[in-house]
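Architecture at a glance
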Amino acid sequence: MKTIEALAPDQASLSAASKLTRQSNWPRLEKNEQLALIWGECQGSGSSPYRVVVDTGDHGYKCTCPSRKFPCKHTLALMWIAATAPASFTAAGSTPEWVNDWLGRRRKTTSQPAAPAPGVAGKSIGEASREEESTVVEDAAAIERREAAQRKRAEDTRSSVSAALDELDQWISDQLRLGLAGFVDNSSDRCRRIAARLVDMKATALAGRIDEIPSRLMGLRNEERPDAAIRELGKLVLLAKAWRSTPDDAELRRLVSTSESREQVLANPEAIQVESVWEVLGEKIETRRDGLVSHSTWLLDLNSAAPQFALLLDYFPASAGRRSNAFTSGDRFDARLVFYPARQPLRALVVERKGDVSSAQWPDFGFDVADPLAAHVAHQDTAPWLTDSPVMLPPGAILLDDRGDAWWQSADDPHGIALPIADAVSPTLLGLDLAATAALWSGSRLHLLAAQSGFGRLDLS
């Protein structure tokens, strides 16, 4: 423990590390005694856990988190667990590839932990632990004051968001009065102005959604954009009305203002938990206009008779560069997921992961539903403000129309349903028989994730 104290950059890092020593934060803890290595994956607020490795011989370390403190709180927590609960680590038969990559790049050092610089406050494991204890014994009066302050902030936020939605209604009325053609042509500037106003009035999530409307419109043909603009604005009106009727609804609050923390979702007794075998269908990475990168990882429940999906969603600053993902398309793993409460639960967190990642073919889903978009329609019936819905399409093929645009065409009825594809398609996929295709349907375009063919699984994301 003295080594951890000496390595910690400051007392705050030690205190933060002490809160990460619960094993529930670490879905993976492994060791290789022969190489004097310990490593683990620490689940943060995003979908991808941070990967941490420590050389217990010379105390070299590496963590994938963006912290500018070295070592970070995750590294200190991993060392803390190794010192106080070594049985938490399982002996690994082999080291993961990302650990081997780090071993190959690093230069061993023999330096010892630096002594605190003169004038710098000392750091203490005991003090870090006592901070948690002091929180536990907080007196009742302090708790009441804190809860009263929380209620006051919540009421202020609700009033501000309500006023923001009033301004949004007026803004939508103005767009309709001025004409949709003008809105489509100037959607970037108009959406940016109302989005900035909504941020000021604490409707942050709604502002981010409005900021992305121009890019959604520009992905369509010119003749499709006015109708798409009406749909986008209509969904905003419905969302605003729903929030006014039930402002405490968790899903609506998440879509309009702010989302729950990971800890709040885990502590929610109404949050659905599903333990199953999950396959990574694909990922969607988008840089938003507000400077954040959204990283969506779509999963398929392989133990469900009908296709069931889950979404791991992570946000991080674009300036931080691309993060390494814990999963890649085609990975299959056993895990327990908890879903954010919603009318159609999709967004989830990984609570506990078991065993190693493997791969195999998809199960046969049967496809006894006549309409492949029935799931999307069901989602729209219960939550019409949703944008993209995951769908599993029956046997079909990808073809090109006279303009050279790609379409997914049902195999059973050549004159039946055909859906336009948003992104460019590799020529090698054209005409290929696809037994099943997983995709996201936006109401006007398909975003392909993966497909099963006679040649095996195809990664299309």
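Look up: the structure comes first, before these words.
Anyway, here's the lowdown on the structure attached to this text. Bear in mind the structure is a predicted one, so any value in this text is a computation, not a measurement. (Residues numbered from 1 in each chain as written. Predicted model: local features only at pLDDT ≥ 70, side-chain atom pairs only at ≥ 80, totals over all residues. Heavy atoms only, no water.)

This part is about the overall build of the chain. The secondary structure content of the chain amounts to 14 helices and 17 strands. A buried classification covers 46% of the 461 residues belonging to the chain. A sequence separation of at least 24 residues applies to 62% of the contacts in the chain between residues at least 6 apart. For the chain, the accessible area works out to roughly 23,100 Å², and carbon and sulfur atoms hold 52% of it. (Helix = DSSP H or I, 4+ residues; strand = E, 2+ residues; numbered from the N terminus. Buried < 20%, exposed > 50% of the residue type's maximum accessible area, 1.4 Å probe, protein only. Contact = heavy atoms within 4.5 Å. Areas by Shrake-Rupley, 256 points an atom, 1.4 Å probe, with all protein chains shown as cover.)

Attention now moves to the sheet that holds strand β8 (residues 309-317). The strands that make up a sheet pair up through hydrogen bonds in the backbone, lying either parallel or antiparallel. One open sheet holds the 5 strands; their spatial order is β8-β7-β6-β9-β10, and the pairing between them is antiparallel. What marks the edges here is a single partner per strand, and that holds for β8 and β10 (348-358). Direction aside, neighbouring strands of the sheet carry axes that sit 35° apart on average. Strand direction decides the pairing type here: strand β6 (residues 273-287) and strand β9 (residues 332-339), joined by 7 bridges, are antiparallel. If you follow Q273 over to β9, its bridge partner there is V338. (Pairing = 2+ DSSP bridges. Axes fitted to C-alpha atoms, helices over the stretch in contact; angles between N-to-C directions.)

Attention now moves to the pattern of salt bridges. Tallied over the entire structure, the rule returns 27 salt bridges. A salt bridge links E33 to K31; the nearest nitrogen and oxygen atoms lie 3.2 Å apart. You can call E33 exposed: its relative accessible area is 64%. With a shortest N-O distance of 2.7 Å, E224 and R445 are connected by a salt bridge. Of this pair, E224 sits in the loop between α10 (213-218) and α11 (225-245) while R445 sits in the loop between β15 (434-441) and β16 (446-453), placing them 221 residues apart in sequence. (Salt bridge = Lys/Arg side-chain N within 4 Å of Asp/Glu carboxyl O.)

Tallied over the entire structure, the rule returns 2 aromatic pairs. Taking the centre distance of 5.9 Å and the plane angle of 75° together, the rings of W171 and F183 count as edge-to-face. One end of the pair, W171, is in helix α6 (residues 140-178); the other, F183, is in helix α7 (residues 180-185), and 12 residues separate them in sequence. Side by side, W171 and F183 carry an identical accessibility label, which is buried. Sitting over the face of the ring of F333, R353 holds its NZ or CZ atom 6.0 Å from the ring centroid. (Phe/Tyr/Trp six-rings, centres within 6.5 Å; stacked < 30°, edge-to-face > 60°. Lys NZ or Arg CZ within 6 Å of the ring centre and 35° of its normal.)

Among the 6 residues in strand β2 (residues 37-42), 6 count as buried, and that is most of the element. Residue alternation in β2 divides its side chains into two sets, L37, W39 and E41 and I38, G40 and C42, and both sets are buried. Taking the residues between adjacent antiparallel strands as the criterion, strand β1 (residues 28-32) and β2 are bridged by 4 residues, where A36 takes a positive phi near 55°. Summarising the sheet, β2 and strand β3 (residues 50-55) pair through 6 bridges and their orientation is antiparallel. From the neighbouring strand, W39 faces β3, where its bridge partner is V53.

On to unusual backbone geometry. Of note, A36 is a non-glycine position whose phi angle comes to about 55°, a positive value. Here A36 is to be found in the loop between β1 and β2. Overall, the relative accessible area of 25% leaves A36 in the partly exposed class. Even without a glycine there, the phi angle at K202 is positive, about 70°. Considering the arrangement of structural elements, one finds K202 in the loop between α8 (187-200) and α9 (204-211).

With that settled, consider helix α14 (residues 374-382). Within α14, the full set of buried residues consists of H376, H379 and Q380. Buried residues of α14 fall within an arc of 95° about the axis and therefore sit on the same side. Turning to α14, the residues buried within the fold contact α11, β11 (389-393) and β15. (Arc of directions from axis to C-beta.)

Our next topic: the nonpolar core. L168, W171, F183, L198, L206, I210 and L236 are the most contacted members of the largest nonpolar core, which totals 34 residues. Elements represented by at least two residues in this core include exactly α6, α7, α8, α9, α10, α11 and α12 (250-256). Per-element tally for this core: the top contributor is α11, with 8 residues. What I210 contacts, discounting residues up to four positions off in sequence, is L168, C191, I194, L198 and L236. Listed in part, the 24 residues of the second largest apolar core include Y50, V52, V54 and A77. (Core = buried A, V, L, I, M, F, W, Y, C linked by side-chain atoms within 4.5 Å.)

Another aspect to go through is the sheet that holds β1. On the basis of which strands lie adjacent, the open sheet formed by 5 strands has the order β4-β3-β2-β1-β5 and mixed pairing. What marks the edges here is a single partner per strand, and that holds for β4 (61-63) and β5 (90-91). Sheet topology note: the β1/β2 ladder contains 5 bridges and is antiparallel. Looking across to β2, one finds that E30 is bridged to W39. Relative to the sheet, helix α3 (residues 73-84) contacts β1, β2, β3 and β4, its axis offset from that of β3 by approximately 55°.

Let us look at α6. Its 39 residues give α6 an end-to-end C-alpha distance of 57 Å, which sits within 8% of 57 Å, the value for a rise of 1.5 Å per residue. Of the residues making up α6, those classed as buried are A142, S160, V161, A164, L165, L168, W171, I172 and Q175. If you follow the buried residues of α6, they end up packed against α7, α8, α9, α11 and α12. (Expected span 1.5 Å × (residues − 1).)

Moving on, we come to the environment of E41. Its place among the elements puts E41 in strand β2. Using a relative accessible area of 1% as the deciding quantity, one classes E41 as buried. For the pair E41 and V52, spaced 11 residues apart in the sequence, the C-alpha separation amounts to 6.2 Å. If we ignore the near neighbours within four places in the chain, the residues touching E41 are N25, W26, P27, R28, P49, Y50, R51 and R353. Here the side chain of E41 touches R353 through a polar contact of 3.5 Å, side chain to side chain. (Polar contact = N/O pair within 3.5 Å; in protein donor to acceptor, adjacent residues only side chain to side chain.)

What follows is about the packing of α6 against α11. The contact between α6 and α11 brings their axes to 10 Å, and the two run at 150°. Overall, the two elements α6 and α11 adopt an arrangement that is roughly antiparallel. In this structure, the crossing between α6 and α11 has a hand that is left-handed. Residues R158, V161, S162, L165, D166, L168, D169, W171, I172 and Q175 of α6 form the contact with α11, whose participating residues are L233, L236, V237, A240, W243 and R244. Considered class by class, the residues forming the contact of α6 with α11 number 10 nonpolar, 2 polar and 4 charged. (Parallel < 35°, antiparallel > 145°, perpendicular 65-115°, else oblique. Left-handed = near helix turned anticlockwise from the far one by under 90°. Nonpolar A, V, L, I, M, F, W, Y, C, P; charged D, E, K, R; others polar.)

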